[in-house]
Amino acid sequence: MLSKTVEQALNQQVELEAYSANLYLAMASWADKEGFAGASEFLYEQYAEENTHMIKIFQYINDREGHAIVAAIEQPPADYKSIQEIFEKTLVHEKLISKKINELVGVCMKENDFTTVNFLQWYVNEQIEEESTARSILDKLNLLEGDASKMYLFDRDIASLRIL
Ligand code: FEO
């Protein structure tokens, strides 16, 4: 059974993962509308993945006799200046999520809830990958320096990335 403190902290993470999903969905929509077919496919995929992150914690809360809550989710930004800005924001956001996951693990350790610490280990590892993917996409974009023909190749290739 979860302590109230752990239950609340997990519900906050559910809300954050749901926000992450909506953030990627908003980014996918912008990229789609601007004609970046590959980037939008990649971002739609991230949306689906964030939903799995959310539902895993959601069901875990109920499995441990807590009550998973569907919260109101803040609206993510709809407009972006460029694909570059999208991946800059992605990296900043994933760093925030890593920090929140680490804080959540800290709360569980204080509460002596090692079952949840163990459950969250998957998220700790996942965040290493998510930050690294966002960073490597951003590095590639920085190399292109706005070159339109290289941007076309970038957009074509990113659609095959499935690792965030
Ligand atoms: Fe679920 Fe991208 O963190």
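See above for the structure.
This structure is a prediction, so every number in the text was calculated from the model and none was measured.

**Student:** Explain the side chain of Glu7 residue by residue, including any values.
**Tutor:** With respect to the element layout, Glu7 can be found in helix α1 (residues 4-33). Since its relative accessible area comes to 9%, Glu7 is described here as buried. Of note is the side chain of Glu7, whose polar atom sits 3.1 Å from the backbone nitrogen of His67. Setting aside residues no more than four positions away along its own chain, Glu7 makes contact with Leu2, Ile61, Gly66 and His67.

**Student:** Tell me what's going on with the packing of aromatic side chains, and back it up with residues and numbers.
**Tutor:** Within this structure, the stated rule accounts for six aromatic pairs. Between Phe42 and Phe87, the aromatic rings sit 6.0 Å apart at their centres with planes inclined by 50°, giving tilted as the arrangement. Residue Phe42 is found in helix α2 (residues 37-63), and its partner Phe87 is found in helix α3 (residues 83-110); the two are separated by 45 residues along the sequence. The same class applies to Phe42 and to Phe87, which are both buried. The side chain of Lys56 reaches across the aromatic face of Trp122, ending 3.5 Å from its centre.

The rules we used
- Residues numbered from 1 in each chain as written.
- Predicted model: local features only at pLDDT ≥ 70, side-chain atom pairs only at ≥ 80, totals over all residues.
- Heavy atoms only, no water.
- Helix = DSSP H or I, 4+ residues; strand = E, 2+ residues; numbered from the N terminus.
- Buried < 20%, exposed > 50% of the residue type's maximum accessible area, 1.4 Å probe, protein only.
- Polar contact = N/O pair within 3.5 Å; in protein donor to acceptor, adjacent residues only side chain to side chain.
- Contact = heavy atoms within 4.5 Å.
- Phe/Tyr/Trp six-rings, centres within 6.5 Å; stacked < 30°, edge-to-face > 60°.
- Lys NZ or Arg CZ within 6 Å of the ring centre and 35° of its normal.

These figures come from the coordinates and say nothing about function on their own.
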